[in-house]
Amino acid sequence: MDLDELVFHPWVTQGPRDVLTLVGGSGSYVIAADGRRYLDFSSQLVFTNLGHQHPRIVAAIKQQADRLCTLAPGHASDVRGEAARAIVEVAPDGLGHVLFTTGGTEAIEHAVRMARAHNGRPKVLAAYRSYHGSTTTSIHLTGDPRRWASDTGAAGAVHFFGPFLYRSAFGSTSPEEECERALAHLEQVILLEGPSTISALILEPVTGSSGVIVPPTGYLRGVRDLCTRHGIVFIADEVLVGFGRTGAWFAIDHAGVAPDLMVFAKGVNSGYVPLGGVLVGDAVYETFTKRPYPVGLTYSGHPLACAAAVGAIGAMRDEDTVAAAARLGTEVLGPALAKLAESHPSVGDVRGIGGLWAVELVRDRETKEPLVPVGATGEANAPMTAVLKACLGRGLVPLILANRIQVAPPLNVSDGDAAAGLAILDEALAEADTFLG
Ligand SMILES: Cc1ncc(COP(=O)(O)O)c(C=O)c1O
């Protein structure tokens, strides 16, 4: 029997699946059960920032496993402290403490709970076109259609439009106009909802899985100012874009502002052992020096996950991974994807930064009608299925989300491997072009 059928799979209808069985990995490649190697342009779910089997992370996990595999959170632990120090050192100023969780969504839950306990207000603002996780609060904050099936309307979430020039909600024609209008809109939402009812505002500083949207210059600074003015806790969700993905340690660094709370996961240890967390700013930390933080987690600060983080951050420093990611964007992926857009009529837009890009596919460049409708499956999703098959058949694992190919290889991918992957994308886009009317 196919053992995969015993596993209940997230996001999909259950039943037999036609997917790769992967048994190994090395650097930017994964290895299938039949021995075939595939170049991984997805970093799995955008978390293997240092690729597979990085020797430094593997050694750190092994050494910790030999010493002490596990420990309750109530005890002090050297490796937990070292992981916290490594994370705080690369984070924006003023974020001096770390609550560890086992992943991104738990960290979002905790950040929101901290904010509400801090200022005693109920609501949380979040952007449309966002993803914040799958547990109750985080899926309600999620602004894209992944929320719909779980939405009970009861989590205090209020959504607003962030800037997105390609599909502007404000009819803007320039980044400057989009920035100004998006901030004016956000201010209206805050004033009409009632500032005294809004505990926090959560934002991906570069939107990840909902479309790779890089905000215009000035937007994040404007959000910071609005939050400060109205006593709203600014939560940056860096789960996908943190730890080098955008060519800075954190995506919010591009704007030179600091949030009050910052959520991370994925790239913190390239996902080798599940780990997430909340970087806690001084003001919120102060609240919990006067009363206990009222909730906890059995595996908060798991030693194997923390050891992996110390190994990963050390490797990123020594190998200059953040600078490599920036160069990957400006010199490799950015120019090559722009060229693909010129030659393939199905490409409506190419956008991104560092090691995170989106190729958005449309039926018509004028109308911008997406190549497949929202939530498409089966025949309606045939164009994206064809792109997927074209990639896999040529030895590339792509990340396909809705009508987009999201390009997110490991940040240390070689130029040669990147070029090989881009050549395969070129051929796969020719498949997409055949679906245009
Ligand atoms: C921006 C963002 N926030 C939160 C999450 C949830 O993280 P996790 O899947 O580790 O729970 C994700 C996952 O992709 C994410 O991209």
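For the structure itself, look to the data block above.
**Some remarks on a nonpolar patch on the surface**
Then, in step 1: Taken together, the side chains of Met1, Leu3, Leu6 and Val7 make up a nonpolar region of the molecular surface, amounting to roughly 490 Å² of accessible area.
Then, in step 2: Take Val7: it is sitting in the segment before β1 (22-26).
Then, in step 3: Exposure remark for Val7: the relative accessible area of 44% places this residue in the partly exposed category.

**Regarding helix α2 (residues 55-67)**
Then, in step 1: Taking 1.5 Å per residue, 13 residues should reach 18 Å; α2 reaches 18 Å between its end C-alpha atoms and fits that length.
Then, in step 2: Among the residues making up α2, those that are buried are Ile57, Ala60, Ile61 and Gln64. Viewed end-on, α2 has its buried residues packed into an arc of 95 degrees, placing them on one side of the element. In this structure, α2 carries Pro55, Lys62, Gln63 and Asp66 as exposed residues pointing more than 90 degrees from its buried face.
Then, in step 3: Residues of α2 that are buried sit in contact with α3 (78-90) and α9 (303-318).

**Quick look at the sheet that holds strand β5 (residues 123-127)**
Then, in step 1: In space, the seven strands of this open sheet follow the order β4-β10-β9-β8-β7-β5-β6, with mixed pairing throughout. If you trace the sheet from one side to the other, it starts and ends with β4 (95-101) and β6 (157-160), each paired once. This sheet shows a mean twist of 25 degrees between the axes of neighbouring strands, independent of strand direction.
Then, in step 2: Pairing analysis gives three bridges linking strand β8 (residues 233-237) to strand β9 (residues 261-264), with the strands arranged parallel. Bridge pairing links Asp237 to Val263 in β9.
Then, in step 3: Its contacts with the sheet place helix α7 (residues 219-230) against β6, β7 (198-203) and β8, and it is angled at close to 170 degrees to β7.

**Section: the packing of helix α11 (residues 382-393) against helix α12 (residues 415-433)**
Then, in step 1: Where α11 meets α12, the closest approach of the two axes is 8 Å, and the angle between their N-to-C directions is 150 degrees. When the axis of α11 is compared with that of α12, the two are roughly antiparallel. Two packed elements cross with a definite hand, and for α11 against α12 that hand is right-handed. Contacts from Ala386, Val387, Ala390 and Cys391 in α11 reach Ile424, Leu425, Ala428, Glu431 and Ala432 in α12.

**A few points about the site of the ligand**
Then, in step 1: Lining the immediate environment of the ligand, one finds Gly103, Gly104, Thr105, Tyr131, His132, Gly133, Glu204, Asp237, Val239, Leu240 and Lys266.
Then, in step 2: For the shell around the ligand, the residue count by class is three nonpolar, five polar and three charged.

**Quick word on the sheet that holds strand β3 (residues 37-40)**
Whether parallel or antiparallel, the strands of a sheet pair through hydrogen bonds between backbone atoms.
Then, in step 1: Pairing in this open sheet of four strands is mixed, and the strands run β1-β2-β3-β13 from one edge to the other. Two strands close off the open sheet at either side, each with one partner strand: β1 and β13 (396-397).
Then, in step 2: Here two bridges tie β3 to β13, and the two strands are oriented parallel to one another. Across the sheet, residue Asp40 finds its bridge partner in β13, namely Val397.

**Quick word on the packing of α2 against α9**
Then, in step 1: Across the interface, α2 lies against α9 with an axial gap of 8 Å and an inter-helix angle of 150 degrees. By the criterion of interaxial angle, the relationship of α2 to α9 is roughly antiparallel. The two elements α2 and α9 meet at a crossing, and its hand is right-handed. Contacts between α2 and α9 involve Arg56, Ile57, Ala60, Ile61, Gln64 and Ala65 from the first element and Pro303, Leu304, Ala307, Ala308, Gly311, Ala312, Gly314, Ala315 and Asp318 from the second.

**Here's the deal with the pairing of β5**
Remark: a regular strand shows side chains that alternate across the two faces of the sheet.
Then, in step 1: For β5, a buried count of five out of five residues is recorded, marking the element as mostly surrounded by other parts of the structure.
Then, in step 2: Neither face of β5 is exposed, since Lys123, Leu125 and Ala127 on one face and Val124 and Ala126 on the opposite face are all buried.
Then, in step 3: The pairing of β5 with β7 spans four bridges and is parallel. Paired with Leu125 across the strands is Leu201, a residue of β7.
Then, in step 4: Pairing of β5 with β6 involves four bridges; the strand directions are parallel. If you follow Leu125 over to β6, its bridge partner there is Val158.

**Describing the pattern of salt bridges**
Pairing between side chains of opposite charge can happen when the charged atoms of each approach one another.
Then, in step 1: Applying the stated criterion to the full structure yields 17 salt bridges.
Then, in step 2: Residues Arg317 and Glu89 are paired through a salt bridge, measuring 3.4 Å at the closest nitrogen-oxygen approach. A residue pair is termed long-range when its members are at least 10 positions apart, and Arg317 in helix α9 and Glu89 in helix α3 qualify at 228 residues.
Then, in step 3: For Arg317, a relative accessible area of 43% gives the class partly exposed.

**Things to note about the packing of aromatic side chains**
Then, in step 1: Tallied over the entire structure, the rule returns eight aromatic pairs.
Then, in step 2: Arranged with centres 6.5 Å apart and planes meeting at 85 degrees, the rings of Phe161 and Phe170 form a pair that is edge-to-face.
Then, in step 3: Residue class for Phe161 comes out partly exposed when judged on its relative accessible area of 33%.
Then, in step 4: Accessibility expressed as a relative area gives 19% for Phe170, which makes it buried.
Then, in step 5: Judged by centre distance (4.9 Å) and plane angle (70 degrees), the ring pair of Phe243 and Phe250 falls under edge-to-face. The same class applies to Phe243 and to Phe250, which are both buried.
Then, in step 6: These aromatic residues form a ring-pair network of at least three members: Phe243, Trp249, Phe250 and Phe264.
Then, in step 7: For Arg37, the ring lying beneath its charged end belongs to Tyr29, and the centroid distance is 4.0 Å.

Definitions and cut-offs
Residues numbered from 1 in each chain as written. Predicted model: local features only at pLDDT ≥ 70, side-chain atom pairs only at ≥ 80, totals over all residues. Heavy atoms only, no water. Patch = residues over 30% accessible without salt bridge, like charges linked within 9 Å, V, L, I, M, F, W, Y side chains within 5 Å. Areas by Shrake-Rupley, 256 points an atom, 1.4 Å probe, with all protein chains shown as cover. Salt bridge = Lys/Arg side-chain N within 4 Å of Asp/Glu carboxyl O. Helix = DSSP H or I, 4+ residues; strand = E, 2+ residues; numbered from the N terminus. Buried < 20%, exposed > 50% of the residue type's maximum accessible area, 1.4 Å probe, protein only. Expected span 1.5 Å × (residues − 1). Arc of directions from axis to C-beta. Contact = heavy atoms within 4.5 Å. Pairing = 2+ DSSP bridges. Axes fitted to C-alpha atoms, helices over the stretch in contact; angles between N-to-C directions. Parallel < 35°, antiparallel > 145°, perpendicular 65-115°, else oblique. Left-handed = near helix turned anticlockwise from the far one by under 90°. Near = heavy atom within 4 Å. Nonpolar A, V, L, I, M, F, W, Y, C, P; charged D, E, K, R; others polar. Phe/Tyr/Trp six-rings, centres within 6.5 Å; stacked < 30°, edge-to-face > 60°. Lys NZ or Arg CZ within 6 Å of the ring centre and 35° of its normal.

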